[in-house]
Amino acid sequence: MKAASALDYREIARRRLPRFLFDYIDGGSYDEVTLGANRDDLKRISLRQRVLRDVSDIDLSTTLFGHRMNMPVALAPIGLAGLAARRGEVQAARAAEAAGVPFTLSTVSVCDLAEVVRGVKQPIWFQLYMIRDRGFMRDMLAKARDARCAALMFTVDMPVPGSRYRDYRSGLAGAPGLLGASRRIFQAAQRPSWAWDVGVCGRPHQLGNVAPVLKGRTGLEDFFRWMRENFDPSISWKDLDFIRSEWTGPLIIKGILDADDAREAARIGADGLVVSNHGGRQLDGVPSTARALPAIADAVGDRLTVLADGGVRSGLDVVRMLALGARGVLLGRAWAYALAGAGQAGVSHVLQLMDAEMRVAMALTGVTRIDQINRDILVRD
């Protein structure tokens, strides 16, 4: 199957990955209502088509947090992305660098920070959760500083993990010990190319940044148990003081859905925020990003940089998000599917598609620069 769009890679990924891994990437929480709304609400955003304007010179470049980008897109942090392809986070980071956009490494990656940084020449972004083990956090922040990461993305919408039914049904969660392992091995055996390339040659048992605290335990159950035990439900805004004491670079708060929370992020001096419902993976029934974004953008104005993720599968979707008030857009599943389907080449292809599709959408709405994309290009009811 030849991919003509980012969404085509979803089917390629489904055919290549074991069920437990595809469902982990593809699924959401509870009945996946918010997961679907992210896509559906974004697709319903209507744009004004304008004609007889000179759109012969379109420029997608922008600057975020002091760094020039070839387009207002970054790769979002995705946990365990390195299971999608051999040393997957390194492959994705290289594709992002070649496209001139940031790559964000998750705390819970397969490839650790040092490996990813060695694989590229430009600084990456790093994502961090609030972990009970403050020593681990302090160590990760020091590593991010030493690696000259260009920004820290601090995820705040996961004090506890969401309830994801697909992970239970697939055997990734809820089936401990030999039973769970045997179910995953059976599924992996049905995908021999993945099993050899990633399961055998990809060294997925290393579990990246958290390997030192797992102390030799290498199973997925050990990893998820550590996550459950170490996410901190007591987190509050005052805990951002700890982050600021250890990190002086750009700080981006990820997981904002409410305008009051956005104002608080601006009040404490965050440099940016991500309007996000965690891809529909946390609390089902919350608003889609497309619905939440305009009010949040209005609430904070120019006090910080507003980014957004959730449901973006095309350059047209990127333009829609920018028109709703975002200054940049994070790609999540779009790059994860592509990585699973074709490795670094797949991620590069998706970014090329985003570039081409943005140019068409901008030309047909009569704008030529990113700063010209605003609500004036939207059809108003």
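Keep in mind that this is a model prediction, so the values were computed, not measured.

A. Fine view of the side chain of Glu246. Turning to its location among the elements, Glu246 is positioned in helix H12 (residues 240–246). Discounting residues that sit within four places of it in the chain, Glu246 has contacts with Arg138, Leu141 and Arg145.

B. How the structure looks around empty space enclosed by the protein. Counting across every chain of the model gives one cavity of 30 Å³ or more. Each pocket or cavity is described by its volume, and for the largest cavity that value is around 50 Å³. Taken together, Tyr129, Met130, Thr155, Val156, Asp157, Met158, Pro159, Phe231, Asp232 and Ile235 form the lining of the largest cavity. Of the residues assigned to the lining of the largest cavity, the class counts are seven nonpolar, one polar and two charged.

C. View of the nonpolar core. Judged by nonpolar contacts, the single largest core of 117 residues is most densely connected at Phe103, Ile243, Leu273 and Trp335. With 14 residues, the top contributor of residues to this core is helix H16 (residues 333–365). Among residues more than four places away in sequence, those in contact with Leu273 are Ile252, Ile253, Ile256, Ala262, Ala265, Ile296, Val300, Leu304, Thr305, Val306 and Leu307. With 13 residues, the next largest nonpolar core counts Met69, Ala74, Ala151 and Ile252 among its residues.

D. Molecular detail of the packing of helix H1 (residues 8–16) against H16. With their axes 8 Å apart at the nearest point, H1 and H16 run at an angle of 145° to one another. Between H1, through Tyr9, Arg10, Ile12, Ala13 and Arg16, and H16, the contact on the second element is made entirely by Tyr337, Ala338, Ala340, Gly341, Ala342, Gly346, His349 and Val350.

What counts and how
Residues numbered from 1 in each chain as written. Predicted model: local features only at pLDDT ≥ 70, side-chain atom pairs only at ≥ 80, totals over all residues. Heavy atoms only, no water. Helix = DSSP H or I, 4+ residues; strand = E, 2+ residues; numbered from the N terminus. Contact = heavy atoms within 4.5 Å. 1 Å grid on protein atoms, 1.4 Å probe; cavity = no way out; pocket = protein on both sides within 12 Å on 5 of 7 lines; lining within 4 Å. Points joined across faces, edges and corners; volume = space filled by probe spheres on them. Nonpolar A, V, L, I, M, F, W, Y, C, P; charged D, E, K, R; others polar. Core = buried A, V, L, I, M, F, W, Y, C linked by side-chain atoms within 4.5 Å. Buried < 20%, exposed > 50% of the residue type's maximum accessible area, 1.4 Å probe, protein only. Axes fitted to C-alpha atoms, helices over the stretch in contact; angles between N-to-C directions.

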